[in-house]
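# Chains, contacts and geometry: an overview
The residues making up each chain are set out below.
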Amino acid sequence: MANVKGLVCRECKREYPLEPIYVCEFCFGPLEVVYKYAEITKKISRKKIDKGPPSIWRYKELLPVETEPVDLGAGFTPLLKAGPLAEDLGLKHLYLKNDTANPTYSFKDRVVSVAVTKAKEFGFETVACASTGNLANAVAAHAARAKLSAHIFIPANLEKGKIISSAIYAPNLVGVEGSYDEVNRLCSEIANEFRWAFVNINIRPYYAEGSKTLGFETIEQLGWKTPDHLVVPVASGSLLTKIRKGIQELQILGLTDKAALKISGAQAKGCAPVVDAFKRKSWNIHPVKPQTIAKSLAIGNPADGYYALKAVRETGGYLEEVSDEEIIEGITLLAQTEGIFAETAGGVSVAVLKKLVKAGKIKRDDVTVVYITGAGLKTIEAVEDTVEPPTLIKPTLESFKGKVLKSVGQLS
Ligand SMILES: *Cc1c(COP(=O)(O)O)cnc(C)c1O
Ligand SMILES: [Zn+2]
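Throughout this document, residue positions are counted from 1 along each chain, in the order its sequence is written. By the order in which they are written, chains take letters starting at A while ligands take numbers starting at 1. Reporting of local features is limited, given that this is a predicted model, to residues whose pLDDT is at least 70; pairs of side-chain atoms are given and counted only at 80 or more, and all residues count toward the totals for whole chains, interfaces and linings. Working from all heavy atoms in the structure, the side-chain values ignore hydrogens and water.

Another aspect to go through is the site of ligand 1. The criterion for a residue being near a molecule or strand is simple. One of its heavy atoms has to lie within 4 Å of it. Taken together, 16 residues are adjacent to ligand 1, and Lys108, Asn134, Ser236, Leu239 and Thr373 come closest. The definition of a polar contact used here is a pair of N or O atoms within 3.5 Å, where within protein one atom must be able to donate a hydrogen and the other to accept one, and adjacent residues in sequence count solely through side-chain atom pairs. Backbone polar atom of Gly237 to an oxygen atom of ligand 1: 2.9 Å apart, as the coordinates give it. In this structure, an oxygen atom belonging to ligand 1 sits 2.8 Å away from a main-chain N or O atom of Leu239. Working definition of accessibility: Shrake-Rupley area with a 1.4 Å probe, residue cover restricted to the visible protein chains. Burial of ligand 1 by the protein amounts to 97% of the accessible area it has alone, namely 380 Å². Nonpolar residues are Ala, Val, Leu, Ile, Met, Phe, Trp, Tyr, Cys and Pro. Charged residues are Asp, Glu, Lys and Arg, and all others, Gly as well, are polar. Broken down by class, the residue content of the shell around ligand 1 amounts to 7 nonpolar, 7 polar and 2 charged.

Set out below in structure tokens:
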């Protein structure tokens, strides 16, 4: 590939060819895609990107595929300048990256568009994944579009919205009676026996690159400027790690400034192994058994947890956790101030933002970006008991005046 050098082990730096492999044979470290930046710099410019499609594929020079992408239009989602929420928190430059506006309503469309394209390039006829829900939706949709068969493994107790949002595309959907970590372990065993493209196992090095596009878009939409602080939800830790890689690549290519950027991570209290290691000032992440309403973030043994921790520490950011109650408050606060209905992961990000502001770790003048990675309609269960039901009336003016106007005190 013209722009890609190959794969490299993140630990011992041994090099590997571009194949559907993901661990180093020597040290078991994870493999990562490396690029030829000297080549890319000749082909890429702000102007060319600006003329590209309004999707992740405007950054194709920095993605590890060369064929026509499997494209449902993932990416190039709005970066909204926050109004009432920013006022509420006392921030002057707060931005919300609204990734609920993706084809299957979460940021996972970015990684899956890249992974499924790569799987086709490798000649796979079947794609698969272990998922906490959003990945399942994205894989099922992209597989349908690509005419590939799909095997999708989810914990059986997922939210109804996430199950139906996969089932509608008619993949082979398997509900495993166990936690995500158990689903993932099972899938690693299956991946050893069957020649399937597991997007987040044997295709993981390519899959993960899709998350860089959130970093690219953030910079582009801020007028090619590097912000001061990012708040990113953490499940496996891949997203946080790759947003940083994306921004570093733009810095290497001279497309943005090299201003210091803090990256902070957000987890739910019921599943916060990375936060725990951060607070213990340790590099050892102790796996946990998740117990939280933020199911999309419920990975107790995060594959990239160490690298997320490293990214946070190296940038001088923070890792913070919030309770289920605070997550719900985060969801309602975001909805009622900014008009965005996020899923539980978005509630985690907003609640952690609030906590960091209160603790003085994010300052009034900081240009801060918060990632809203999934849509609220998929996790209705989380908030259905907290919202007011509609006022019930008869279809008469009398009933309206009697019940509605009286209750809001407008009957004159
Ligand atoms: C998967 C997911 C994340 C986190 O992704 P990782 O790369 O596993 O850390 C965040 N938000 C939502 C909504 C997700 O589905
Ligand atoms: Zn190695």
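On to the coordination of the zinc ion (ligand 2). Protein-derived coordination of the zinc ion (ligand 2) comes from Cys9 (SG), Cys12 (SG), Cys24 (SG) and Cys27 (SG), at a distance range of 2.2 to 2.4 Å. Shown as donors are all N, O and S atoms within 2.8 Å of a metal ion, widened to 3.2 Å for Na, K and Ca; because water is not in the atom set, sites may appear incomplete. Note on geometry labels: four donors, all angles 85 to 135 degrees, give tetrahedral; four donors become square planar and six octahedral when opposite donors are over 155 degrees apart and every other angle is between 65 and 115; remaining cases are irregular. For the zinc ion (ligand 2), the 4 donor atoms are set out with angles of 97 to 119 degrees between them, so the coordination reads as tetrahedral. The sequence motif formed by the donor residues of the zinc ion (ligand 2) is C-x2-C-x11-C-x2-C. Highlighted residues: Cys9 in strand S1 (residues 4–9) and Cys27 in the loop between strand S2 (15–16) and strand S3 (31–35), separated in sequence by 18 residues. Of the residues examined, Cys9 reaches a relative accessible area of 0% and is grouped as buried. Strands here are runs of E lasting at least two residues and helices are runs of H or I lasting at least four, both read from the DSSP assignment and numbered beginning at the N terminus. To sort residues, take the accessible area from a 1.4 Å probe on protein chains only and compare it with the maximum for the residue type: under 20% means buried, over 50% means exposed, and anything in between is partly exposed.

Moving on to the packing of helix H10 (residues 238–252) against helix H12 (residues 305–315). Throughout, an axis means a line fitted to C-alpha atoms (over the contacting stretch in the case of helices), and angles, computed between N-to-C directions, take values from 0 to 180 degrees. It is the contact of H10 with H12, at a shortest axis distance of 8 Å, that shows an interaxial angle of 50 degrees. Regarding the angle of H10 to H12, the classification is oblique. Viewed along their axes, H10 and H12 form a crossing whose handedness is left-handed. Between H10 and H12, the residues in contact are Leu240, Thr241 and Arg244 and Tyr307, Ala308, Ala311, Val312, Glu314 and Thr315, respectively. Of the residues belonging to the contact of H10 with H12, the class tally is 5 nonpolar, 2 polar and 2 charged. Comment on the angle field: the value is read as roughly parallel under 35 degrees, roughly antiparallel over 145, roughly perpendicular from 65 to 115, and oblique elsewhere. Crossings are classed by handedness, with left-handed meaning an anticlockwise turn of the near helix from the far one by less than a right angle and right-handed meaning a clockwise turn. Should any heavy atoms of two residues lie within 4.5 Å, those residues are considered in contact.

For the rest of this paragraph, the subject is helix H7 (residues 180–193). A rise of 1.5 Å per residue sets the reference length of H7, with its 14 residues, at 20 Å; its end C-alpha atoms lie 20 Å apart and thus fit the reference within 8%. Within H7, burial applies to Tyr180, Asp181, Val183, Cys187, Ile190 and Ala191. Buried-residue contacts for H7 involve strand S6 (126–130), strand S7 (149–155), strand S8 (172–176) and strand S9 (197–198). Expected span, for any helix, means 1.5 Å times one less than how many residues it has.

Each pair of strands is called paired provided DSSP finds at least two bridges between the two strands. Read from one edge to the other, the open sheet built from 3 strands follows the order S2-S1-S3, with strand pairing classed as antiparallel. Each having just a single partner strand, S2 and S3 make up the two edges of the open sheet. Where S1 meets S2, 2 bridges bridge the pair, whose relative direction is antiparallel. Residue pairing for S2: Leu7 is matched across the bridge by Tyr16.

We now examine a nonpolar patch on the surface. Patch membership needs two things, relative accessible area over 30% and no salt bridge, and members are linked within 9 Å if like-charged or within 5 Å if nonpolar (Val, Leu, Ile, Met, Phe, Trp, Tyr). Any carboxyl oxygen of Asp or Glu within 4 Å of a side-chain nitrogen of Lys or Arg constitutes a salt bridge here. A cluster of nonpolar side chains, Phe341, Leu377 and Ile380, forms an exposed patch at the surface whose accessible area comes to about 280 Å². If you trace the backbone, Leu377 turns up in the loop between strand S13 (367–372) and helix H15 (397–408). Overall, Leu377 belongs to the exposed group, its relative accessible area being 63%.

Ordered by their spatial adjacency, 6 strands build an open sheet running S4-S5-S13-S10-S11-S12, and the pairing between neighbours is mixed. Each end of this open sheet is capped by a strand with a single partner; those strands are strand S4 (79–81) and strand S12 (319–322). Strand-to-strand twist across the sheet, computed as the mean angle between neighbouring axes with direction ignored, equals 25 degrees. Sheet topology places strand S10 (residues 229–233) next to S13; 3 bridges connect them, and they run parallel. In the strand pairing of S13, Val231 is matched with Val370. Seen against the sheet, helix H13 (residues 324–338) touches S4, strand S5 (93–98), strand S11 (262–268), S12 and S13 and runs at an angle of roughly 95 degrees to S12.

Another aspect to go through is the packing of aromatic side chains. A pair of aromatic rings is counted whenever rings of Phe, Tyr or Trp (Trp by its six-membered ring) have centres within 6.5 Å, and the orientation is called stacked for planes under 30 degrees apart, edge-to-face for over 60 and tilted otherwise. Scanning all chains against the criterion turns up 9 aromatic pairs. Measuring from ring centre to ring centre gives 5.4 Å for Phe122 and Tyr206, while their planes differ by 70 degrees; the resulting arrangement is edge-to-face. With Phe122 in the loop between helix H4 (108–121) and S6 and Tyr206 in helix H8 (residues 204–209), this residue pair connects regions lying 84 residues apart in the sequence. For the residue pair Phe122 and Tyr206, the accessibility class agrees, reading buried in each case. Three or more aromatic residues joined by ring pairs make a cluster, and in this case those are Phe153, Phe194, Trp196 and Phe198. Consider the ring centre and the ring normal. A charge sits over the ring if Lys NZ or Arg CZ is within 6 Å of that centre and within 35 degrees of that normal. Between Arg10 and the ring centre of Tyr307, over which it is positioned, the NZ or CZ distance is 4.1 Å. Here Lys118 stacks its cationic end above the ring of Phe122, 5.2 Å away from the centre of that ring.

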